[in-house]
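Here are the chains, one letter per residue:
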Amino acid sequence: MATQKRAINGTHHAFDPRSVIGQAEQVTASAHGIARTADEVWEGASEQLRSLDQASVELESTAASLAETATLAESILAATEETLSGANEMAASIEGLASNINGLTSFIGKTATAIDQSSASIQSVSATAAEMATAAEQVTTSITQMSSSVRAVSGDTESLAASVEQTSASLIEMAASIRSVSGNSDDLAAASEQTASSINEMAASIEEVGAMSENLATIIEQNSASIEEMARSIQSVAASGRNIADAATTAAASATQTEKSIESVAGLASRADALARRVSSEAQEGGAAVERSIQGIGRLRTAMSQSSTVMKEMGKRTSDITSIVATINMIAERTNLLSLNASIEAARAGDAGRGFAVVAEEIRNLADRSAKATADIGAIIKGLQDVAQEAITASAEGLRVADDSNAIAETGAAGLRKILGGVNETVEIVGQIARATDEQRQAGKAVTHAVASTVEQSRLVAEATGQQSSAAASIVQGTAQMRKVAQEVTKAVTEQGRASRDIMKAAQSSSRLAADVRKATAEQARTTDQLTQMSETVRKGAASTARAVSEQAVASEQITKAASHLNRQIGLVSRAMIEQTATAKALANGIEGIRTQSDQAARAAAEQARTMKEVAKASEATAREVRSVAKGNQQHSKSAARIVSQVADIRRITQRNVEGVSRTRGGTADLIEQARALTGLMKTPQGRSPNGRNGR
Amino acid sequence: MTTDNYILFTVAGTSYALPSQDVAHVEMVDQVTRVPNAPAFVDGVVFSRGQVVPAINMRARFGFERAALDVSSRLLVVQSKGRSVGLLVDSCREFMNVPQSSIHPPGEALSGLSAQYVDGMASVGNRLIVVLSLERLLGSTEHAVATRPREQASGEGHGYTETRN
């Protein structure tokens, strides 16, 4: 500045019109150079504007796509919640089956696991939010740095303005303006870099969302398979319920039949009791009869013994008779012999002995008849003896038989006594049986009642299972819808990825252009430095620049405020996330308590419960995934909003750039005109105004 | 000269007949006194009506087994050529008139030794009776006795008679 002042003073002390003309021409040439550079800057800035507009359009389409994704996610959420409510309805139905539904414990355990997973997911989202908060703080810091830098520039500019108070206002303004352009260009470049990084982040996030969407689609597929399996299981359970109802009905019929049978058994038992008592009295009578027969056998034995004695006596008498008969026989034989000898003698005597022969014949006949009679008597006696002997033998046999009979009768009596004892025992047992049968009859009635209530219960179970079956059908339908929505989400996310790649390309070209601008601006600054050394007429420009800088500072303040507001919002999100985590943990604790209480639940319908658990788990996972998607979408929306605002900032800065360049062009045009006027004055003989109009 | 009167006796179940004029008398037999060196069919001697007679066992004589004496056993004392001989038989109870017309010759079937002392076969009622010839019976007996070694010196066929005489 001092040099410029000296140069002005020098011009005042020794004015040389030729050198002034030369200098004016040089200034004109420089001004033309500046004008060319400014034109280039103008073109670059315009191109940048167009590019930014394109970026804005694409960002809007991205935002629209994100909104669509959010809507889809909400509809998924709604479908999932519908599924969840269906599952809850079914769970309520299963709870309606009261303690018979088994596996509730493990289901709650798995639910707790799912909640733990959900908690972990929330924590990861919270971590993401924290990360985002850090990023926002970094943004705020950089903005603050930028603001302070702007303030520093403002201070510099003010001091510049103060020091170039006396120099050419337009030049100073121009220089300051160019510097501000340069600074803005740097900011622009930084903002472009930041935008690019944000876009990269967004792209990565979109990729993540794409992966999550695919994961979600897979889970939904699994979910629908599980639900179909569950539907089949429920149908089989329904069939089983019907079978149980049939079986219970059969059991009821059997119970009634059993009761009847018990009744008839009771009748039989009382009849058996009466019969056993009659048998007992008859057995006692039989015992008395056996005693009588034993006595009779004893008497028979005595009689036998007596008859044997009589027979022996008779045999002895028969022997006497036999000896008498032998004597008679001997007499008969002798008589025969005598008559035979008499016949011989008579035959010898001839006719004289004829009469004697007849007598002898008669005697011999008598003797023969005697012999024959004695022979008959002998035969009779012999037969009599044989009969007596037989009678003796038979009576001995009879005695033996009587003894045997006695022994047998004694054995029979003992047996009868045993029978009597057994019969008495039987009477007692039959009485017990009758009493037991009576108890059985009462128990049978109780069984019939219980079976009837079982029939009712099984009918209720079959009804509940039918309701479950219809609920499962509606769940299957909801799952199909969900599947369709998930496919659409996947498609939309893929489109988003494509759009974000386009944005990245645009941002890269924007960065490139920003670099070009910075290069051009740097060249401009160098040229401006040369200009500053030449003239103090830029003072006014410096003042404008100072104003512009202060405007910038205000803008920076606003940005800082916005950034801190963003930080607060992010902080709120983080706190909400932390609260959510706490709530999830409380939920997990509550579920743990429920699981402890449900440990006592029964173990029936395990298959159904397991399937229910899988459904609930899958639904929870679906909901979780959908929530993640929704979170990611929100993050996307925020990122997109940030990008939009940053792009708007860039656009504003660029706009200001353009304005600055316009002013530079205006200043340059003025400069050129003045230089031309100066040249004209100089060329006019001896110049009219010795101090010129360099100071404007 | 011979009449039709016969004495009937039994030996070993068979009825035999001897003419009544050949029989002196019939008596019961209590015991037979055995004598040394008697022929095989002679049981011994018996004392009868004041004289000692030899007792010929007809069972042994006819080739049958001997039997013990009992109440119906008889001794027939026969007279032949002035000699008395006792015949021991199983029984003897009948005096019978047998007409000559009912006696048939023994026929060619009964040849040999038995034919020597059989006169014929008589059929009375349904009984078949062997009619004996005492002469020939005793003759063959004497011959058998004569063949005995002890009696050689007495000359054959007349040993018994000579002893009797």
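Residues numbered from 1 in each chain as written. Chains lettered and ligands numbered in written order. Predicted model: local features only at pLDDT ≥ 70, side-chain atom pairs only at ≥ 80, totals over all residues.

(A) Representation of the overall build of chain A in the model. A count of helices and strands for chain A gives seven helices and zero strands. Going residue by residue from the N terminus, the α and β elements of chain A occur as α-α-α-α-α-α-α. For chain A, restricting intrachain contacts to residue pairs at least 6 apart in sequence, the fraction spanning at least 24 positions comes to 96%. (Helix = DSSP H or I, 4+ residues; strand = E, 2+ residues; numbered from the N terminus. Contact = placed C-beta atoms within 7 Å.)

(B) Spotlight on the overall build of chain B. Check the secondary structure of chain B and you find four helices and eleven strands. In chain B, of all internal contacts separated by at least 6 residues, the share reaching a separation of at least 24 is 50%.

(C) Quick peek at the sheet that holds strand β2 (residues 14-19) of chain B. Residues and elements named next belong to chain B. Read across the open sheet, the six strands follow the order β8-β1-β2-β11-β10-β9; overall the sheet is mixed. In this open sheet, the two strands that pair with only one neighbour each are β8 (91-97) and β9 (103-104). Here two bridges tie β9 to strand β10 (residues 118-124), and the two strands are oriented antiparallel to one another. Each residue of the ladder has a partner; that of I103, found in β10, is A122. (Pairing = 2+ DSSP bridges.)

(D) Expanded view of the sheet that holds strand β3 (residues 23-28) of chain B. Residues and elements named next belong to chain B. The mixed open sheet is built from five strands, whose spatial order is β3-β6-β7-β5-β4. The open sheet has two edge strands with one neighbour each: β3 and β4 (42-48). Neighbour-to-neighbour, the strand axes of this sheet turn through a mean angle of 30 degrees, independent of strand direction. Across seven bridges, the pairing between strand β6 (residues 74-80) and strand β7 (residues 83-89) is antiparallel. Bridging across to β7, Q79 finds its partner in S84. (Axes fitted to C-alpha atoms, helices over the stretch in contact; angles between N-to-C directions.)

(E) Just the interface of chain B and chain A, in detail. Counting residues at the interface gives 13 residues for chain B and eleven residues for chain A. Within the residue set of the side of chain B that touches chain A, elements represented by two or more residues are β3 and β8 of chain B. When residues in the side of chain B that touches chain A are grouped by element, the largest group, five residues, is from β3(B). Residue composition of the side of chain B that touches chain A, grouped by class: five nonpolar, six polar and two charged. (Nonpolar A, V, L, I, M, F, W, Y, C, P; charged D, E, K, R; others polar.)

(F) The confidence of the model for chain B, seen in detail. Residues and elements named next belong to chain B. Taken as a whole, chain B shows an average pLDDT of 80; of its residues, 78% reach a score of 70 or greater. The least confident element of chain B is helix α4 (residues 159-164), whose mean pLDDT is 37; the most confident is strand β1 (residues 5-11), at 94. Low pLDDT (under 50) marks residues 146-165, which in the prediction has 22 contacts with non-local residues, meaning those over four places away or in another chain. Model confidence for the complex: the whole-complex pTM is 0.35, and ipTM, which rates the interface, is 0.81. (pLDDT = per-residue confidence, 0-100.)

(G) Expanded view of the environment of I262(A). Note on placement: I262(A) falls in helix α4 (residues 169-349). Sequence separation between I262(A) and E439(A) is 177 residues; the distance between their C-alpha atoms is 9.9 Å.

(H) Highlighting unusual backbone geometry. Residues and elements named next belong to chain B. Unlike most non-glycine residues, A12 shows phi in positive territory, near 55 degrees. If you trace the backbone, A12 turns up in the loop between β1 and β2. In this model, K81 sits at a positive phi of 50 degrees, which is unusual for a non-glycine residue. Looking at where K81 falls in the secondary structure, it is placed in the loop between β6 and β7. Residue classification places K81 among the partly exposed positions, given that 14 C-beta atoms sit within 10 Å. (Buried ≥ 20, exposed ≤ 12 C-beta atoms within 10 Å, placed from the backbone.)

(I) The arrangement of the nonpolar core in detail. Ranked by internal contacts, the top residues of the largest apolar core, which has 41 residues, are I7(B), A17(B), L18(B), L76(B) and V78(B). Once residues within four sequence positions are removed from consideration, L76(B) is found in contact with I7(B), F9(B), V23(B), V26(B), G86(B), L87(B), V89(B) and C92(B). Counting residues in hydrophobic clusters, the runner-up holds 30 residues, among them A79(A), L216(A), A486(A) and I503(A). (Core = buried A, V, L, I, M, F, W, Y, C linked by C-beta atoms within 7 Å.)

(J) The environment of V517(A), seen in detail. All names here are of chain A. Looking at the element boundaries, V517 is found in helix α5 (residues 354-534). A residue is classified by how many C-beta atoms lie within 10 Å of it, and V517, with 28 of them, is buried. Once the C-alpha coordinates of V517 and N657 are considered, the two residues, 140 residues apart in sequence, prove to be 9.8 Å apart.

(K) How the structure looks around the environment of D90(B). All names here are of chain B. The topology assignment puts D90 in the loop between β7 and β8. Taking the C-alpha atoms as reference, D90 lies 7.1 Å from A12; in sequence the two are 78 residues apart. Those residues within four positions of D90 in sequence are excluded, and the remaining contacts are T10, V11, A12, A67, S72 and S73.

(L) The arrangement of the confidence of the model for chain A in detail. All names here are of chain A. Across chain A, the average pLDDT comes to 74, with 74% of residues at 70 or higher. In the model of chain A, helix α1 (residues 2-13) stands out as the element of lowest mean pLDDT, 44, in contrast to α5, which has the highest, 80. Confidence drops under a pLDDT of 50 for residues 600-604, and excluding neighbours within four residues, the segment shows 14 contacts in the predicted structure. For residues 692-696, every residue scores under 50 in pLDDT, and the model assigns this stretch 13 contacts once sequence neighbours within four places are set aside.

(M) Local environment of the pairing of β1(B). All names here are of chain B. The element β1 is largely enclosed, with a buried count of six among its seven residues. Looking at chain direction, β1 and β8 are connected through six bridges and run antiparallel. Looking at β8, one finds that T10 is bridged to S91. When β1 meets β2, the two strands line up antiparallel, connected through six bridges. Residue pairing for β2: Y6 is matched across the bridge by P19.

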